[in-house]
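# Overview (structure and organization)
Chain residues, written in single-letter form:
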Amino acid sequence: MNDDAYDPAAARREIANRDRRRALESHSHRLTMATVGILAYSTFAYVMTGIGTLTHGLLIPTIIFAVIGALYVFALYRTWAADDRRIWIIAVPATITILLALTDFVMGARPSPVPLILNVALLVLIPLRARAAAQLQVLKRPADAAPAEAAVAGEVEAES
């Protein structure tokens, strides 16, 4: 049998920590899925726009859309497959798209507000994802440190 004393306060703390960790993991996952969704939409939009300009024989716009589409593909891959939270990966294509939309607006065109809104949302999601990941790391750190301490304590007992 187990001779260790049962500590109800420690058990409640452990359960509360586990619940907080699960809630933060869920929040981080939702933010990541929102980011992936917007990146996938933008990737598809740029690829289709590039194909459309290619069919009209416009070479320079096709190259521009292909480059920006490739940046979105890279950001989508790094966000989805590697869960990369570096700022520049998402900020570069989002900022380029915002600048293109604003340039179109200043030059007299009436671009759709959808790319502008979605890319501003992407720029807002970057710090939210980073903060959720940092909070999750703080919660995971004590749980990861406990086995290391136990291993060191086991080594000390083995040497005695």
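Computed from a prediction, not measured in an experiment: that's the story for all the values here. (Residues numbered from 1 in each chain as written. Predicted model: local features only at pLDDT ≥ 70, side-chain atom pairs only at ≥ 80, totals over all residues. Heavy atoms only, no water.)

Helix and strand content of the protein: four helices and zero strands. Across the protein, helices and strands are ordered from the amino to the carboxyl terminus as α-α-α-α. Looking at the protein as a whole, 24% of its 160 residues qualify as buried. Of the contacts formed within the protein by residues at least 6 apart in sequence, a portion of 69% connects residues at least 24 apart. Total accessible area on the protein stands at roughly 10,800 Å², and carbon and sulfur atoms take up 68% of it. (Helix = DSSP H or I, 4+ residues; strand = E, 2+ residues; numbered from the N terminus. Buried < 20%, exposed > 50% of the residue type's maximum accessible area, 1.4 Å probe, protein only. Contact = heavy atoms within 4.5 Å. Areas by Shrake-Rupley, 256 points an atom, 1.4 Å probe, with all protein chains shown as cover.)

This brings us to the packing of helix α1 (residues 8-55) against helix α2 (residues 59-80). With their axes 8 Å apart at the nearest point, α1 and α2 run at an angle of 160° to one another. Accordingly, the angle class assigned to the pair α1 and α2 is roughly antiparallel. Where α1 crosses over α2, the handedness of that crossing is left-handed. Along the lines of polarity and charge, the residues of the contact of α1 with α2 split into 14 nonpolar, 10 polar and no charged. (Axes fitted to C-alpha atoms, helices over the stretch in contact; angles between N-to-C directions. Parallel < 35°, antiparallel > 145°, perpendicular 65-115°, else oblique. Left-handed = near helix turned anticlockwise from the far one by under 90°. Nonpolar A, V, L, I, M, F, W, Y, C, P; charged D, E, K, R; others polar.)

Next up on the list: the pattern of salt bridges. Where charged atoms from two side chains of opposite charge come close, those side chains can pair. Summed over all chains, the structure comprises two salt bridges. Between Arg-78 and Asp-84 there is a salt bridge, and its shortest N-O distance comes to 3.1 Å. For Arg-78, a relative accessible area of 23% puts it in the partly exposed group. Two residues, Asp-84 and Arg-86, come together in a salt bridge whose shortest N-O distance is 2.6 Å. A residue is classified by how much of its surface remains accessible, and Arg-86, at 41% relative accessible area, is partly exposed. (Salt bridge = Lys/Arg side-chain N within 4 Å of Asp/Glu carboxyl O.)

By size, the foremost hydrophobic cluster in this structure holds 17 residues, and its most contacted members are Leu-39, Tyr-72, Ala-75, Ile-90 and Leu-122. Among the elements that line this core, the one with the most residues is α1, at five residues. Look past the residues within four positions of Ala-75 in its chain and what remains in contact with it is Leu-39, Ile-89, Ile-90 and Pro-93. (Core = buried A, V, L, I, M, F, W, Y, C linked by side-chain atoms within 4.5 Å.)

So, on to the packing of aromatic side chains. Applying the stated criterion to the full structure yields three aromatic pairs. A ring pair is formed by Tyr-46 and Phe-65, whose centres lie 5.8 Å apart and whose planes are at 45°; its orientation type is tilted. Here Phe-65 lies in helix α2 and Tyr-46 lies in helix α1, a separation of 19 residues in the sequence. Centroid distance Tyr-46 to Tyr-72: 5.5 Å. Interplanar angle 20°. Geometry classified as stacked. (Phe/Tyr/Trp six-rings, centres within 6.5 Å; stacked < 30°, edge-to-face > 60°.)

What follows deals with the side chain of Thr-35. Secondary-structure assignment places Thr-35 in helix α1. Under the relative-accessibility criterion, Thr-35 is labelled buried at 1%. With sequence-adjacent residues up to four places away left out, Thr-35 is seen in contact with Thr-79, Ile-90, Leu-122, Leu-125 and Arg-129.

What follows concerns the environment of Gln-135. Relative to the elements of secondary structure, Gln-135 occurs in helix α4 (residues 113-159). Looking at Gln-135, the relative accessible area reads 37%, which means it is partly exposed.

A few words now on the confidence of the model for the protein. Per-residue confidence for the protein gives a mean pLDDT of 83, with 85% of residues at or over 70. Looking across the protein, the model is least confident in α4, with a mean pLDDT of 73, and most confident in α2, with 92. Throughout residues 147-160 the model reports pLDDT below 50, and contacts reaching past four residues in sequence, or to other chains, amount to zero contacts. (pLDDT = per-residue confidence, 0-100.)

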